[in-house]
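Each chain, letter by letter, is given below.
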Amino acid sequence: MSFFDSILRWLGLKKTPPTGQDRANERRGKLRRRRGRLGHIYMVPLRRRQGPRATDPAEDAGEESAESPYRFARFGGYGEYRDLSKDSNPERLHQFGLPQLCTPSDIANWLEMPCGRLAWLIHRFDDGGRAAHVPQAHYHYSWLKKRGGGYRLVEAPKPILKAIQRKILREILDRIPLHNAAHGFVAGRSICTNAQPHVGQRVVLKFDLENFYANVSFSRVVAIFRSIGFSREAAIWLGRLTTALPPERLPAPGGDRSVVRPYLSRHLPQGAPTSPALANLSCYALDLRLAGMARAFGATYTRYADDLTFSGDQHLIDSLNVFIPLVTKIVRSERFTVHAGKRKVVRNNQQQRVTGVVVNERLNVSRKDYDRLKAILTNCVRHGAATQNREQRADFAAHLRGRIGHVQSIHPDRGRKLQAIFDRIDWRS
């Protein structure tokens, strides 16, 4: 640096070359000025919203007021009442032909009963929203032993609640369309329609969902009612009417409390009229994803309640190492659980059965099951029906007619042969 350069810089007539630190400070200054113009920036993850968007943030959290906006309104965080009845979607309710229900009083009027009685049915006045003892509950409880071990809780609603659930099923749930892959408990579909798409395939892959009804939680049921247009308040009450929460002191088979654990949170009860429809609706996203994945592998997918079935050609067989983990991952992400012990891969050199129907070449009945039923009917003709009623069924004739009807729905010719033998039975002996 020369003497004259130093004098010029001292006088401000020549600038000093910026250092690395000067450049960094300049960049920080520009960033601060830019942030000042834009304000605070937050990264917000995208979420798929169902139903109408809230125009007011207060409405999204529930408007609060010092006075109760309707009967049995809920308290907010500051001792005020929350109004959860204003976020319904009337257009969607009208689209499905559903009743316009926003408050507990609306539901009570629709059910033609006092609002207080409706609150009693959902245990509104009981601690924890559940009955303290079994006699006070609105369900009959019984344990059934599973064929593969363990126990299943059957929760049958008592007459008043059962009538309400039937009305909810008939006038709300039956009007909501399901995914085409669902065949269980759907009008116009059966085990035959579930099995037909898998006829003549190289391989059949079967999965079973563990604790199917118990895994459909209360929050999931409420989300279903919200998605079809009901307000949060109405969805909560409808959800409580269609789910169960057994008493904490529910007796366990053999005193083993571990079998009660899956049922200690509010869930779909196995035995309620509404549970199959709500379970199918809760599986809509699962059916959508599994059907799409099956198409990507050139496979076919159907579901009958908790039975998932896939079938395909050699390409699916070659992809099983990838396909099976993907199915398990999707099921888990949809908050269900695959029963590992019931997964089956059946090739066409074996008997392929889908929901009890043989599908190797055509819909058929298992030869073993057919021969067994034919032998029972023949022995009834020869030795009398009482000799074959080993399980002491109250109406053995109706039981046999039901089994014959099952065979006839799958294989009419075989069904007619069995019916001819049945007609020869002398029920007086």
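Criteria and cut-off values
- Numbering of residues starts from 1 in each chain and follows the order in which that chain's sequence is written.
- Where totals are concerned, whole chains, interfaces and linings use all residues; where local detail is concerned, this predicted model gives features only for residues with pLDDT of at least 70, and gives and counts side-chain atom pairs only at 80 or more.
- Heavy atoms from the whole structure form the basis of all side-chain values; hydrogens and water molecules are not counted.
- Grid points spaced at 1 Å over the protein atoms alone were grouped into cavities, where a 1.4 Å probe fits but cannot get out, and pockets, open sets with protein on both sides within 12 Å along at least five of seven lines, with lining residues defined by an atom within 4 Å of a point.
- Grid points are joined across faces, edges and corners, and a volume is the space filled by probe spheres set on the points.
- Runs of E in the DSSP output that reach at least two residues are strands. Runs of H or I that reach at least four are helices, and both are numbered from the N terminus.
- Polar here means any residue other than Ala, Val, Leu, Ile, Met, Phe, Trp, Tyr, Cys and Pro, which are nonpolar, and Asp, Glu, Lys and Arg, which are charged; Gly is therefore polar.
- Strands were regarded as paired on the criterion that DSSP finds at least two bridges between them.
- Nine residue types can take part in a nonpolar core, namely buried Ala, Val, Leu, Ile, Met, Phe, Trp, Tyr and Cys, and a core is a set of them joined through side-chain atoms within 4.5 Å.
- Note on exposure labels: buried denotes an accessible area under 20% of the residue type's maximum, exposed denotes more than 50%, and partly exposed covers the range between, all computed with a 1.4 Å probe on protein chains only.
- Residue contacts are defined here by distance: any two heavy atoms, one from each residue, within 4.5 Å place the two residues in contact.
- In this scheme Phe, Tyr and Trp rings, the latter by its six-membered ring, pair at centre separations within 6.5 Å, and the angle between planes marks the pair as stacked below 30 degrees, edge-to-face above 60, and tilted otherwise.
- Only when the NZ of Lys or the CZ of Arg is both within 6 Å of the ring centre and within 35 degrees of the ring normal is a charge said to sit over the ring.
- For this analysis, a polar contact is any N or O atom pair within 3.5 Å, provided that within protein one partner can donate a hydrogen and the other can accept it, and provided that sequence-adjacent residues contribute only side-chain to side-chain pairs.
- Each patch is built from residues that are more than 30% exposed by relative accessible area and take part in no salt bridge. Like charges join if they lie within 9 Å; nonpolar side chains (Val, Leu, Ile, Met, Phe, Trp, Tyr) join within 5 Å.
- Throughout, the Shrake-Rupley method with a 1.4 Å probe supplies accessible areas, and for residues the shown protein chains are the sole cover considered.
- Basic side-chain nitrogens of Lys or Arg form a salt bridge, by our definition, when they fall within 4 Å of a carboxyl oxygen of Asp or Glu.
- Helix axes use the C-alpha atoms of the stretch in contact, all axes being lines fitted to C-alpha atoms, and the angles between their N-to-C directions lie in the range 0 to 180 degrees.

Student: Explanation requested: the layout of surface pockets in the structure shown.
Tutor: Any empty space left between atoms is shown by rolling a water-sized probe over those atoms. The volume enclosed by the largest pocket comes to roughly 1400 Å³. Every residue lining the largest pocket is counted, 38 residues in all, and those nearest its centre are Arg147, Asp208, Asp306, Asp307 and Lys342. Looking at the lining of the largest pocket, the elements that each hand over two or more residues are β5 (151–157), β6 (203–208), β8 (307–312) and β10 (353–354). Partitioned by chemical class, the residues of the lining of the largest pocket number 17 nonpolar, 9 polar and 12 charged.

Student: Is there a simple way to think about the pairing of β5 in this case?
Tutor: Residues in a regular strand point their side chains to alternate faces of the sheet. Note: strand β4 (residues 139–145) against β5, 7 bridges, orientation antiparallel. Looking at the pairing, Lys145 lines up with Tyr151 of β5. Turn length for the β4-β5 hairpin, with the two strands adjacent in sequence and antiparallel, is 5 residues, and the turn residue Gly149 shows positive phi of about 105°.

Student: I'm lost on the nonpolar core in this one. Help?
Tutor: Generally speaking, soluble globular proteins have nonpolar side chains that are buried together. In terms of nonpolar packing, the biggest core is built from 83 residues, with Ile172, Phe225, Phe230, Leu241 and Phe310 touching the most fellow members. Setting aside its immediate chain neighbours within four residues, Ile172 contacts Leu98, Pro99, Trp110, Lys167, Phe225, Ile228, Phe230 and Leu238. Among the nonpolar cores identified, the runner-up in size contains 27 residues, and Val204, Val359, Val365 and Phe396 belong to it.

Student: Please clarify how helix α11 (residues 275–282) should be interpreted in this entry.
Tutor: An α-helical turn contains 3.6 residues, so any two residues separated by three or four positions project in the same direction. Judged by how many residues are buried, α11 sits mostly within the fold: 8 of 8 residues are covered. Taken together, the buried positions of α11 are occupied by Ser275, Pro276, Ala277, Leu278, Ala279, Asn280, Leu281 and Ser282. On the buried face of α11, the contacting elements are α7 (159–171), α9 (218–227), α10 (232–242), α12 (284–296) and β7 (300–304).

Student: Teacher, can you tell me more about the packing of aromatic side chains here?
Tutor: Within a pair of aromatic rings, the relevant descriptors are the distance that separates the centres and the angle that separates the planes. If you walk through the whole model with that rule in mind, you get 13 aromatic pairs. Ring centres of Trp143 and Tyr263 lie 5.8 Å apart, and the angle between their planes is 80°; on these two criteria the pair is classed as edge-to-face. Highlighted residues: Trp143 in strand β4 and Tyr263 in the loop between α10 and α11, separated in sequence by 120 residues. An aromatic cluster of at least three residues, connected via ring pairs, comprises Phe207, Phe297, Tyr301, Phe310 and Phe323. Positioned over the ring face of Tyr370 is Arg414, at 4.7 Å from the centre of the ring.

Student: What should I look at first to understand the environment of His183 in this one?
Tutor: In this structure, His183 sits in the loop between α7 and α8 (191–195). We classify His183 as buried; its relative accessible area is 8%. Separated by 119 residues in the primary sequence, His183 and Thr302 have C-alpha atoms spaced 7.3 Å apart. The residues touching His183, leaving out its near neighbours within four places in the chain, are Arg189, Ser190, Thr193, Asn194, Thr302, Arg303 and Tyr304. Polar side-chain contacts of His183 include one of 2.9 Å to the side chain of Thr193.

Student: Hey, could you run me through a nonpolar patch on the surface in this one?
Tutor: Taken together, the side chains of Trp120, Phe125 and Ile160 present a nonpolar region at the surface, about 320 Å² in accessible area. Its location among the elements puts Ile160 in helix α7.

Student: Can you help me understand the sheet that holds strand β9 (residues 344–347) in this one?
Tutor: Hydrogen bonds between backbone atoms are what pair the strands of a sheet, whose relative direction is either parallel or antiparallel. Sheet architecture is open: 4 strands sit in the order β7-β8-β6-β9, paired in antiparallel fashion. Since the sheet does not close on itself, it has two edges, and those belong to β7 and β9, each with one partner. Averaged over all adjacent pairs, the angle separating strand axes in this sheet is 20°, with direction ignored. Two elements, β6 and β9, share 4 bridges in a ladder whose sense is antiparallel.

Student: When you look at the pattern of salt bridges in this model, what are you seeing that I'm missing?
Tutor: Side-chain pairs of opposite charge can arise whenever the charged atoms involved come near each other. In the structure shown here, the tally under the stated rule is 14 salt bridges. Measuring nitrogen to oxygen at the nearest pair gives 3.5 Å for the salt bridge that ties Arg130 to Glu248. Of this pair, Arg130 sits in the loop between α6 (115–121) and β4 while Glu248 sits in the loop between α10 and α11, and the two are 118 residues apart along the sequence. Of the charged contacts, one joins Arg416 and Asp413 as a salt bridge, the two residues approaching to 2.2 Å between their closest N and O atoms. Taken together, the residues span about one helical turn, with Arg416 and Asp413 both in helix α17 (residues 412–422) at a distance of 3 residues. Note on Asp413: relative accessible area 44%, which makes it partly exposed.

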